[in-house]
Amino acid sequence: MPEGHVIHRLAARLNEEFRGAPLQASSPQGRFDASLIDAHTLVRAQALGKHLFLEFSDIFVHIHLGLIGSLRFEPAEDVWGQIRLRLVPDGGAGDIAANLRGPQTCAYLSPAEVAAIVERAGEDPLDSDSDPDALWARVHRSKRTIGSLMMDQSYFAGVGNIYRAEPLFRLGISPFTPGRALDRAEFDALWEDLVKLMRYGFEHGRIDTVRDIHSPEAMGRAPRKDDHGGEVYVYRRAGQPCYVCGEEIALRKVEGRNLFWCPGCQRD
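Calculation notes
- Residues numbered from 1 in each chain as written.
- Predicted model: local features only at pLDDT ≥ 70, side-chain atom pairs only at ≥ 80, totals over all residues.
- Heavy atoms only, no water.
- Domains from an automatic or database assignment.
- Contact = heavy atoms within 4.5 Å.
- Buried area = accessible area lost by both parts, 1.4 Å probe.
- Salt bridge = Lys/Arg side-chain N within 4 Å of Asp/Glu carboxyl O.
- Polar contact = N/O pair within 3.5 Å; in protein donor to acceptor, adjacent residues only side chain to side chain.
- Helix = DSSP H or I, 4+ residues; strand = E, 2+ residues; numbered from the N terminus.
- Buried < 20%, exposed > 50% of the residue type's maximum accessible area, 1.4 Å probe, protein only.
- Pairing = 2+ DSSP bridges.

Glancing now at the domain arrangement of the chain. Domain assignment breaks the chain into domain 1 (4-120) and domain 2 (132-261). Computed from C-alpha atoms alone, the centre-to-centre distance between domain 1 and domain 2 is 30 Å. Residue-level contacts link eight residues of domain 1 with 14 residues of domain 2. Across the domain 1 to domain 2 interface the summed buried area is about 760 Å²; carbon plus sulfur atoms make up 65%. Of all residues in domain 1, H5, R9 and K50 give up the largest surface area on contact with domain 2, accounting jointly for 65% of the area buried on that side. Scanning the region where domain 1 abuts domain 2 turns up zero salt bridges. The interface formed by domain 1 and domain 2 holds two residue pairs in polar contact (both at pLDDT 80 or more) in total. Here the side of domain 1 that touches domain 2 gets five residues from one element, more than from any other, and that element is helix α1 (residues 4-17).

What follows is the structure, encoded as structure tokens:
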């Protein structure tokens, strides 16, 4: 499932290239009624966590990519696959199309329904209006582990498995630490690292979490090869040696998701 920086990048590109002009909207797959927004102007695209909202006057399209969904920007003449929603700036051949395939959600919402989703969402590290003080108060009251809380979108909006595992490792925090056992300095450092790493992901389109001293060049090792790209400390490195202490990276299934950590660097 794409993490929050991907959704923010999609919103930014939609605002840059599709906003402010009428759009040709269609559903080649036939599973979405695009007539309500066809020939209408995109007011703005907005990301919150893993939610993407497309605002058209008094109606919104709510998109959640889920596990297999994608929103790709492709040549308008290149139509392939099961496209749930297709947006093309009016103007004809040669334009770029935004093609949505396989989303978990693609539905119309009223402004009130959007507000309800926003109200339920947690704090988004990529949203300048987020309130880490309010998040700290909730985390500090919780008996749940910080590894569990970070995957809860009503706490940390947009954080997924990679952005859960990597900041915890970088700060030496065990994912099994109860939220109420963290002190304020640890929480603040965790939030600041999330903001830093996710901003990098937004700006560069890839996730890199290793510090310079642990880069392939500095350590004389081969670059990581993975569909997700980027250099990481623990994510998808189970059984491999930790770059810092040499202990094997551990893996455990927790709440249906793979949890990666270093038992040497992240002691309970």
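Don't stop here, the text continues.
Moving on, we come to the pairing of strand β7 (residues 83-89). Counting buried positions over the seven residues of β7 gives seven, a clear majority of the element. Note that strand β1 (residues 22-26) and β7 share four bridges and pair antiparallel. If you follow L23 over to β7, its bridge partner there is P89. Bridging between β7 and strand β8 (residues 96-101) involves four bridges; their strand directions are antiparallel. Among the inter-strand pairings, I83 is bridged to a residue of β8, identified as R101.

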